[in-house]
Amino acid sequence: MEKAVIHIQQLNKFFGTEHVLTDINASFSGGNIYGIIGRNGSGKTVLFKCICGLMPYTSGSISVNGKTVGKEIDIPENIGAIIESPGFLNNYDAYTNLKFLARLNGKAGPEEIHQALEETGLSSTGKKKVKKFSMGMRQRLGIAQAIMEAPDILILDEPMNGLDNQGVKDIRKLLLKMKEKGTLILLASHNREDIVCLCNEVYEMDAGILTRIGKEI
């Protein structure tokens, strides 16, 4: 049986009196893509932020690779993520933006940055400033940032936003390649085709309640 990389038990999150996440229980293992579907405001983004250590949860627990987020670790290691719109320095090119971000952890050098740009279709952008990027190019850059350190876990909140048809094909191919290498991928998407093409298991988030619904949606 595959070892659970992310294990969530009785997770609750309140904003004041608003119950945003309700008694969530789930386990996610490496080498799989898990799809999470649900309307805007259903709690998907809040769940992702809690897993990444970007938002404290109210009760319950989240463990990543055996360590409890918020207790044993603040920010789990080896996670790449796109949550909400990626933010970049508009007056710099794609490579320079990634170089600045890579300095934070020191895990990615020039070779890894160039590879991430290649895999996301941005290797030809050269010195073009990010402020001149289309929405789809910015999204590709966000994905490049998420993968450049070869993370064990990839958390993607609507990663296909703004991508044209070729971009969607490219990113699907990339995610399947990473899955084959053992990466655990959590994917929130409104696109039914993304879920069907990519995901081993599908969950639905509705009003803060997470329910496993299998592969068919």
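The rules we used
Residues numbered from 1 in each chain as written. Predicted model: local features only at pLDDT ≥ 70, side-chain atom pairs only at ≥ 80, totals over all residues. Heavy atoms only, no water. Salt bridge = Lys/Arg side-chain N within 4 Å of Asp/Glu carboxyl O. Helix = DSSP H or I, 4+ residues; strand = E, 2+ residues; numbered from the N terminus. Buried < 20%, exposed > 50% of the residue type's maximum accessible area, 1.4 Å probe, protein only. Expected span 1.5 Å × (residues − 1). Disulfide = S-S within 2.5 Å. Phe/Tyr/Trp six-rings, centres within 6.5 Å; stacked < 30°, edge-to-face > 60°. Axes fitted to C-alpha atoms, helices over the stretch in contact; angles between N-to-C directions. Left-handed = near helix turned anticlockwise from the far one by under 90°. Contact = heavy atoms within 4.5 Å. Nonpolar A, V, L, I, M, F, W, Y, C, P; charged D, E, K, R; others polar.

Our focus in this paragraph is the pattern of salt bridges. If charged atoms from side chains of opposite charge come close, those side chains can pair. All told, the structure shown has six salt bridges when counted by the stated rule. Between Arg172 and Glu193 there is a salt bridge, and its shortest N-O distance comes to 3.4 Å. Highlighted residues: Arg172 in helix H5 (residues 165-180) and Glu193 in helix H6 (residues 192-198), separated in sequence by 21 residues. For Glu193, a relative accessible area of 47% puts it in the partly exposed group. Here the salt bridges share partners, and the residues they tie into one network are Arg172, Glu193 and Asp194.

With 13 residues, helix H4 (residues 135-147) extends 19 Å from end C-alpha to end C-alpha; this agrees with the ideal 18 Å at 1.5 Å per step. For H4, the buried fraction is high: ten of the 13 residues fall into the buried class. Burial in H4 covers these residues: Gly136, Met137, Gln139, Arg140, Leu141, Gly142, Ile143, Ala144, Ala146 and Ile147.

Tallied over the entire structure, the rule returns zero disulfides. The closest cysteine sulfur to the non-disulfide-bonded Cys52 is located on Cys50, 9.5 Å from its own sulfur. Accessibility expressed as a relative area gives 6% for Cys52, which makes it buried. Left without a disulfide partner, Cys199 is nearest to the cysteine sulfur of Cys197, which lies 9.3 Å away.

Next up on the list: unusual backbone geometry. Positioned with a positive phi, Gln10 is a non-glycine residue whose angle comes to about 45°. Turning to its location among the elements, Gln10 is positioned in strand E1 (residues 4-15). Backbone geometry at Glu158 places phi at a positive 55°, although glycine is not the residue there. Overall, Glu158 belongs to the buried group, its relative accessible area being 11%.

Moving on: the packing of aromatic side chains. Under the definition given, this model contains three aromatic pairs. A ring pair is formed by Phe28 and Tyr34, whose centres lie 4.8 Å apart and whose planes are at 65°; its orientation type is edge-to-face. Exposure class is identical for Phe28 and Tyr34. Each is buried. Ring geometry for Tyr92 versus Phe100: centroids 5.3 Å apart, planes at 80°, classification edge-to-face.

Angle between the axes and distance between the axes: these two values describe a pair of packed helices. H4 packs onto helix H2 (residues 94-105) with a crossing angle of 35° between their chain directions and a minimal axis gap of 10 Å. Considering how the two elements wind past one another, H2 and H4 form a crossing that is right-handed. Of H4, the residues touching H2 (which contributes Ala94, Leu98 and Leu101) are Leu141, Ala144 and Gln145. The class makeup of the residues in the contact of H2 with H4 is five nonpolar, one polar and no charged.

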